[in-house]
Amino acid sequence: MIKGDMKLKRERAIQKVWDAIKIHKGTTLLSTGITGDDARMAKAAVEAGAKLLEPNHPAVVLARGLYGAGDMHEAEAVRHKLPLEEMLKVISGVRNAVGEEIFITVGVPGGFAETQPTILADEDFYKIARAGADCLHTHKTNLEDLEEWVEKAHKYGLLVDAYIAHPDDKHLLGIPARTPEEVADAAQKMEELGVDMIGLMTGMTYEGVTAGGMHPIVKERVEALVETVEKAPTLAEGGINLKNFRAFKDTGVNIIVVGTSFDQLAAKAVSDAVKQYINIE
């Protein structure tokens, strides 16, 4: 194994993230959903200024209508069925569309706490890196699994972004932590494990947030994350949209993750255009 090359790859990747945070004055955007999975939409996001992208396997399942998934909740339940080879094609396509300077983190089968066990071989981590990924987006739900994931990812030149979740979420997408104190404890342990980017799920339990603001419990949890993490970039994901994103930025979090909002905006734009074409006299 060429350890020096892999270390250099990770250093270049995290520099992309910090550069984006600096360019965007402390809080940048991680663009996902349709803007992470469709190479054309990814290119459009980058041309508008996005520096960080995230293709992930449940979003790909939903985008393609696979396994009967009609919404993201249903896609989460069958995400493990998507072959890794399909995600490699998505990663490669997005990378080719946006160039080497854009940071790409990717969710793949086996990277979450899957409803059916999905084991990746060492060769699979190498393939993900070679396809163009900088980072693995993971939602492991216990620290032991997360530690193993970090070790394997780092071995093949990949960073890891991992999440903390509320234990009552419909889909547990991270290390469970109920209170702000538990969020802080989990974040500290994750940073000690070598997690490169530490995020908090902010939307599912709370059914989104109020227009123009954020749920006070969410705010306390995000602030606990930001105040605890010392070196890694911090992320907030879930329920963030054009009405409330400024409230999230005000917490000092480094990265806001937006996917569903982009999907909804794109769907509405297409719907509105189709109505105009049909009504042309």
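Residues numbered from 1 in each chain as written. Predicted model: local features only at pLDDT ≥ 70, side-chain atom pairs only at ≥ 80, totals over all residues. Heavy atoms only, no water.

Student: How do you make sense of a negative patch on the surface when you look at a structure like this?
Tutor: A cluster of acidic residues, Glu144, Asp145, Glu147, Glu148 and Glu151, forms a negative patch on the protein surface. Looking at where Glu148 falls in the secondary structure, it is placed in helix 8 (residues 143-155). (Patch = residues over 30% accessible without salt bridge, like charges linked within 9 Å, V, L, I, M, F, W, Y side chains within 5 Å. Areas by Shrake-Rupley, 256 points an atom, 1.4 Å probe, with all protein chains shown as cover. Salt bridge = Lys/Arg side-chain N within 4 Å of Asp/Glu carboxyl O. Lys, Arg positive; Asp, Glu negative; His and termini not counted. Charge placed at Lys NZ, Arg CZ, Asp CG, Glu CD. Helix = DSSP H or I, 4+ residues; strand = E, 2+ residues; numbered from the N terminus.)

Student: Got a minute to help me understand the pattern of salt bridges in this structure?
Tutor: Two side chains that carry opposite charge are able to pair once their charged atoms sit near each other. What the rule picks out here adds up to 14 salt bridges. Of the charged contacts, one joins Glu11 and Lys7 as a salt bridge, the two residues approaching to 2.4 Å between their closest N and O atoms. One end of the pair, Glu11, and the other, Lys7, are both in helix 1 (residues 3-23), 4 residues apart, so they sit about a helical turn from each other. Overall, the relative accessible area of 45% leaves Lys7 in the partly exposed class. Across the salt bridge formed by Lys89 and Glu86, the nearest N and O atoms sit 3.3 Å from each other. Within this pair, Lys89 and its partner Glu86 are both found in helix 6 (residues 84-98), separated by 3 residues, close to a single helical turn. Using a relative accessible area of 22% as the deciding quantity, one classes Glu86 as partly exposed. Through salt bridges with shared partners, one network takes in Lys16, Arg95 and Asp134. (Buried < 20%, exposed > 50% of the residue type's maximum accessible area, 1.4 Å probe, protein only.)

Student: Looking at this structure, I do not really get helix 10 (residues 216-228). What am I missing?
Tutor: Over its 13 residues, helix 10 extends 18 Å from the first C-alpha to the last, a length consistent with the 18 Å expected when each residue adds 1.5 Å. Residues Val218, Arg221, Val222, Ala224 and Leu225 constitute the buried set of helix 10. Looking down the long axis of helix 10, one finds its buried residues gathered within 155° of arc, a one-sided arrangement. Turned more than 90 degrees off the buried face of helix 10, the exposed positions are Pro216 and Glu227. If you follow the buried residues of helix 10, they end up packed against strand 5 (159-165), helix 9 (180-193), strand 7 (197-201), strand 8 (234-237) and helix 11 (245-249). (Expected span 1.5 Å × (residues − 1). Arc of directions from axis to C-beta. Contact = heavy atoms within 4.5 Å.)

Student: Help me understand the pairing of strand 9 (residues 255-258) in this model?
Tutor: For a regular strand, side-chain orientation follows a simple rule: the groups alternate between the two sheet faces. Side chains of strand 9 alternate between two faces, with Ile255 and Val257 and Ile256 and Val258 buried alike. As judged from the 4 bridges shared by strand 1 (residues 28-31) and strand 9, these two strands associate in the parallel manner. Note that in strand 9 the partner of Thr28 across the bridge is Ile255. Note: strand 8 against strand 9, 3 bridges, orientation parallel. Within strand 9, the position partnered with Glu237 by the bridge is Val257. (Pairing = 2+ DSSP bridges.)

Student: So what exactly am I meant to see when it comes to the packing of helix 4 (residues 57-64) against helix 6 here?
Tutor: The relative placement of two packed helices is expressed as an angle between their axes plus a distance between the axes. The interhelical angle for the contact between helix 4 and helix 6, taken along N-to-C directions, is 90°, at an axis separation of 11 Å. Taken as axis vectors, helix 4 and helix 6 run roughly perpendicular relative to one another. Here His57, Val60 and Arg64 of helix 4 lie close against helix 6, whose contacting residues are Glu86, Met87 and Val90. Here the residues of the contact of helix 4 with helix 6 sort into 3 nonpolar, 1 polar and 2 charged. (Axes fitted to C-alpha atoms, helices over the stretch in contact; angles between N-to-C directions. Parallel < 35°, antiparallel > 145°, perpendicular 65-115°, else oblique. Nonpolar A, V, L, I, M, F, W, Y, C, P; charged D, E, K, R; others polar.)

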